[in-house]
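Residues per chain are reported as follows:
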Amino acid sequence: ALWQQDSDRVVLTFVGTPGLSAADVDVVVTQNSLRAGLRSAGTHVCDGALHAPVKSASAYFGIKTYASGAAAVVVVLEKARAGESWPALFADGAPE
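Residues numbered from 1 in each chain as written. Predicted model: local features only at pLDDT ≥ 70, side-chain atom pairs only at ≥ 80, totals over all residues. Heavy atoms only, no water.

Engineer: Could you give me a rundown of the pattern of salt bridges, with the residues and numbers involved?
Structural biologist: One pass over the full model with this rule turns up 5 salt bridges. In this structure, R9 and D6 form a salt bridge, with 3.2 Å as the shortest nitrogen-oxygen distance. Under the relative-accessibility criterion, D6 is labelled partly exposed at 36%. Of the charged contacts, one joins E84 and R81 as a salt bridge, the two residues approaching to 3.4 Å between their closest N and O atoms. Since its relative accessible area comes to 27%, E84 is described here as partly exposed. Connected through shared salt-bridge partners, D26, R35 and R39 make up one network. (Salt bridge = Lys/Arg side-chain N within 4 Å of Asp/Glu carboxyl O. Buried < 20%, exposed > 50% of the residue type's maximum accessible area, 1.4 Å probe, protein only.)

Engineer: Got a sec to walk through the nonpolar core? Specific residues and values, please.
Structural biologist: Generally speaking, a soluble globular protein has its nonpolar side chains buried in company with each other. Grouped together as the largest cluster of nonpolar side chains are 21 residues, with contacts concentrated most on L12, L34, L50, L77, W86 and L89. Elements with a contribution of two residues or more to this core: β2 (9–15), β3 (25–29), β4 (33–38) and β7 (71–78). With 4 residues, β7 is the single largest residue contributor to this core. (Core = buried A, V, L, I, M, F, W, Y, C linked by side-chain atoms within 4.5 Å. Helix = DSSP H or I, 4+ residues; strand = E, 2+ residues; numbered from the N terminus.)

Engineer: Lay out the environment of Q5 in plain terms, naming residues and giving numbers.
Structural biologist: Looking at the secondary structure, you find Q5 in strand β1 (residues 2–5). For the pair Q5 and H51, spaced 46 residues apart in sequence, the C-alpha separation works out to 12 Å. Once residues lying within four places of it in the same chain are set aside, the contact partners of Q5 are V10, K79, E84, S85 and W86. Here the side chain of Q5 touches K79 through a polar contact of 2.7 Å, side chain to side chain. At a separation of 2.7 Å, a polar atom in the side chain of Q5 contacts the main-chain carbonyl oxygen of W86. (Contact = heavy atoms within 4.5 Å. Polar contact = N/O pair within 3.5 Å; in protein donor to acceptor, adjacent residues only side chain to side chain.)

Right, dumping it as C-alpha cells:
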C-alpha cells in the first residue's frame, strides 16, 4: 500500500485484482481508524488507529483500472484538521 497527503486529505492506494468491483472491497473508516482490504483475500492491507482524526462521513473509495487490466483501490480521507502534516498514516508510526 502507498499513502499520500496534501493539506486537506490523505489518500491510500493498494493493489486490487483484475475485474475488481466495489462489492469486492472492504473499507471501514471511523474518525480515528481505518480498515481496508479485499473481501476475497480475507485479510486487510491495513487496520489500525490513524495518526490524526478524519471526517469519516466524507470518506470514500474508488477503483482505478489500468489499460493492462490491473486494478487498484483508492481510499480518500478528509483530514479533520486541514493543513496538518502527518508524519505517518497510522498512530503507531507505521507507514502503512
